[in-house]
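Residues per chain are reported as follows:
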Amino acid sequence: MEKEIDEKKQGTSLVLEHKEENTKKLFIESYGCAMNFSDSEIVASILTEQGYNTTQNLEEADLVLVNTCSIRDKAEMTVRKRLEKYNAVKRSINPGMKVGVLGCMAERLKSQFLEEEKIVDMVVGPDAYKDLPNLLKEVEEGRDAINVILSKDETYGDIAPVRLNSNGVNAFVSITRGCDNMCTFCVVPFTRGRERSREPQSIIEEIQDLWNRGFKEVCLLGQNVDSYLWYGGGLKKDFDKATDMQKATATDFAQLLEQCAVAFPKMRFRFSTSNPQDMHEEVLHVIAKYDNVCNYIHLPVQSGSTRILKEMNRQHTREEYMELVDKIKRIIPECSISQDMITGFPTETEEDHQDTLSLMEYVEYDFGYMFAYSERPGTLAARKMKDDVPEEVKKRRLQEVVDLQQILSEKRTKRFLGQTVEILIEKESKKSDKHWSGRNSENVVTVFPKEHYKEGDFVLVKVTDCTTATLIGEAVGYGPMQTN
Ligand code: SF4
């Protein structure tokens, strides 16, 4: 395996991994959540062993793969537009190219995808990527190929990801797959299957490899990291059938996070995504205890109304969520918290909406991901609940949530004015090639003049100004996390 620096692109050095002897070209693009981007690195690794190197040039690709998202209608429309683009390139420039769809939309639509989109040669679900070599053989023999079987134990823990579009500084490491929570609006349990966790040793080995290659930050990834539980393999829901020895030696998320923090004291750790109903207090104490575990928690809530939370099958009330937030602020006073919010869920009243706004004011989120409800085929909500909130009401409520978050983000970002924060340099600032950009432990983007510092450095920055979401400052020296 040869590691080669590609040309400067947008000011960030792009590390592309390829094998000299490989002759075929793979163009792979990903949409949706970080899990999809992480999965695409697994796919690239599997195909590197099949003679493919990745290319950024669609027109020269032998194989084109799109890793799809199904979380909202808009996400699926984006994929269909990309398929039109591939079709145009195939007809005009690259008639030999083969096209495959991966991810949640592939799992949701299955063979329907092949019927609806003639450009598509292959449909592969999130748990079937190891079958790609066989599926490609079928495609090369002129047949359409499909594998959308969901697995009870696949975690790809034995596959070393090929880092795609990497800055060589921070990387995702997936620790668990699937979700058992069955929120009524969500397709994930249907497209990614039941929860299963990856063996801790394989996670530590992947982080060791990243450390050896100069990476400085890892984000531990899962649809629901808080319910991470390794007890020798198998589904989370079967834990009660485990032996006493398996139960006694099991590793939960707090223990895994601590193992990582201790094993790599100069590596920074983040994690995503948490679920309030599964978050344990021990995780908070690990964050508070280790400087290399970031003071930031992404804590989706979706609604501030207990009645709507019940309709969403979220296993907590408004009050229980507020108690968790109180606990977070007590144990990690400077912690940043971000949210996911849905407006206009079926039967949502103006009063429910006001509950959402008042919860946001109570938590004072640092930022959030906010969307109007989009009915997803196959979900419980789609089957049992009428999408009865008018679009204009959904949109008006969404705008009110976004406007309030803007006010809260500004207030939260201002708390760093005059402080000195430790930043990990990730890339060049979008706005100036004379400035670096990186994040502090609380996940706030910070921009400062480059001077003699470089990507991957931990730098202390004196904050002199800020916008709603960005800190601006001057470097005052290397940070305690800097190794050399
Ligand atoms: S916790 Fe709920 S929203 Fe999140 S992935 Fe699982 S089912 Fe979907």
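Residues numbered from 1 in each chain as written. Predicted model: local features only at pLDDT ≥ 70, side-chain atom pairs only at ≥ 80, totals over all residues. Heavy atoms only, no water.

**Details of the overall build of the protein chain**
Part 1 of the reasoning: When helices and strands are counted, the protein chain shows 15 helices and 23 strands.
Part 2 of the reasoning: Taking 484 residues into account, the globule formula puts the C-alpha radius of gyration at 23 Å, and the protein chain, at 23 Å, falls close to it.
Part 3 of the reasoning: Projected onto its principal axes, the C-alpha positions of the protein chain cover 60 × 60 × 55 Å.
Part 4 of the reasoning: Here the protein chain, with 484 residues, has 58% of them falling under the buried criterion.
Part 5 of the reasoning: Across the protein chain, contacts joining residues at least 24 apart in sequence account for 72% of those joining residues at least 6 apart.
Part 6 of the reasoning: Approximately 20,600 Å² of the protein chain is accessible, and the part contributed by carbon and sulfur atoms is 52%.
Part 7 of the reasoning: If the 65 positive side-chain charges of the protein chain are averaged to one point and the 81 negative ones to another, these points end up 2 Å apart. (Helix = DSSP H or I, 4+ residues; strand = E, 2+ residues; numbered from the N terminus. Rg over C-alpha atoms; globule rule 2.2 N^0.38 Å. Buried < 20%, exposed > 50% of the residue type's maximum accessible area, 1.4 Å probe, protein only. Contact = heavy atoms within 4.5 Å. Areas by Shrake-Rupley, 256 points an atom, 1.4 Å probe, with all protein chains shown as cover. Lys, Arg positive; Asp, Glu negative; His and termini not counted. Charge placed at Lys NZ, Arg CZ, Asp CG, Glu CD.)

**With respect to helix H10 (residues 281-289)**
Part 1 of the reasoning: For H10, the complete set of buried residues consists of Val283, Leu284, Val286 and Ile287. Along H10, the residues classed as buried sweep out an arc of 160° about the axis, all on the same side.
Part 2 of the reasoning: Buried positions along H10 lie against helix H9 (253-263), strand S15 (268-272), strand S16 (296-298) and helix H12 (318-331). (Arc of directions from axis to C-beta.)

**Quick word on the packing of aromatic side chains**
Part 1 of the reasoning: One pass over the structure, following the stated rule, counts eight aromatic pairs.
Part 2 of the reasoning: Arranged with centres 5.1 Å apart and planes meeting at 70°, the rings of Tyr231 and Phe239 form a pair that is edge-to-face.
Part 3 of the reasoning: In this structure Phe239 comes out as partly exposed when scored by relative accessible area, which is 22%.
Part 4 of the reasoning: Aromatic pair Phe367 and Tyr369: ring centres 5.8 Å apart, planes at 75°, arrangement edge-to-face.
Part 5 of the reasoning: With relative accessibility at 22%, the residue Phe367 sits in the partly exposed group.
Part 6 of the reasoning: Its guanidinium or amino end placed over the ring of Trp436, Lys450 lies 4.6 Å from that ring's centre, counting from NZ or CZ. (Phe/Tyr/Trp six-rings, centres within 6.5 Å; stacked < 30°, edge-to-face > 60°. Lys NZ or Arg CZ within 6 Å of the ring centre and 35° of its normal.)

**Brief notes about the environment of Glu351**
Part 1 of the reasoning: Along the chain, Glu351 turns up in helix H13 (residues 350-363).
Part 2 of the reasoning: When the C-alpha positions of Glu351 and Ser305 are compared, they lie 8.4 Å apart, and in sequence the two are 46 residues distant.

**Some points on the domain arrangement of the protein chain**
Part 1 of the reasoning: Domain boundaries assigned for the protein chain yield domain 1 (7-147), domain 2 (170-414) and domain 3 (420-478).
Part 2 of the reasoning: The centre of domain 1, based on its C-alpha atoms, is set 35 Å off from the matching centre of domain 3. (Domains from an automatic or database assignment.)

**Some thoughts on the UniProt feature "binding site: [4Fe-4S] cluster 1" (unreviewed entry) in the protein chain**
Part 1 of the reasoning: According to UniProt, the "binding site: [4Fe-4S] cluster 1" (unreviewed entry) feature falls on Cys33, Cys69 and Cys104. Spatially, the listed residues are clustered: although they cover 72 residues, their C-alpha atoms lie within 10.4 Å of one another.
Part 2 of the reasoning: Residue placement: Cys33 occurs in the loop between strand S3 (24-30) and helix H1 (34-48).
Part 3 of the reasoning: Residue Cys33 is classed as partly exposed on the basis of its relative accessible area, which comes to 35%.
Part 4 of the reasoning: Structurally, the position occupied by Cys69 is in the loop between strand S5 (63-68) and helix H2 (73-92).
Part 5 of the reasoning: If sequence neighbours within four positions are ignored, Cys69 has contacts with Tyr31, Gly32, Asn36, Ala75, Glu76 and Met105. (UniProt positions renumbered as here; feature names shortened; annotations may be inferred.)

**Focus: the layout of surface pockets**
Part 1 of the reasoning: Counted as a void, the second largest pocket has a volume near 270 Å³.
Part 2 of the reasoning: If you go around the second largest pocket, you meet 15 residues; those closest to its centre are Asp291, Asn292, Asn295, Glu422 and Ser441.
Part 3 of the reasoning: For the lining of the second largest pocket, the class distribution of residues is seven nonpolar, three polar and five charged.
Part 4 of the reasoning: When residues of the lining of the second largest pocket are assigned to domains, at least three fall in each of domain 2 (170-414) and domain 3 (420-478). (1 Å grid on protein atoms, 1.4 Å probe; cavity = no way out; pocket = protein on both sides within 12 Å on 5 of 7 lines; lining within 4 Å. Points joined across faces, edges and corners; volume = space filled by probe spheres on them. Nonpolar A, V, L, I, M, F, W, Y, C, P; charged D, E, K, R; others polar.)

**Quick look at the site of the ligand**
Part 1 of the reasoning: Around the ligand, the structure places Cys179, Asn181, Met182, Cys183, Phe185, Cys186, Val188, Pro189, Gln223, Asn275 and Arg314.
Part 2 of the reasoning: Class assignment for the residues of the shell around the ligand results in seven nonpolar, three polar and one charged. (Near = heavy atom within 4 Å.)

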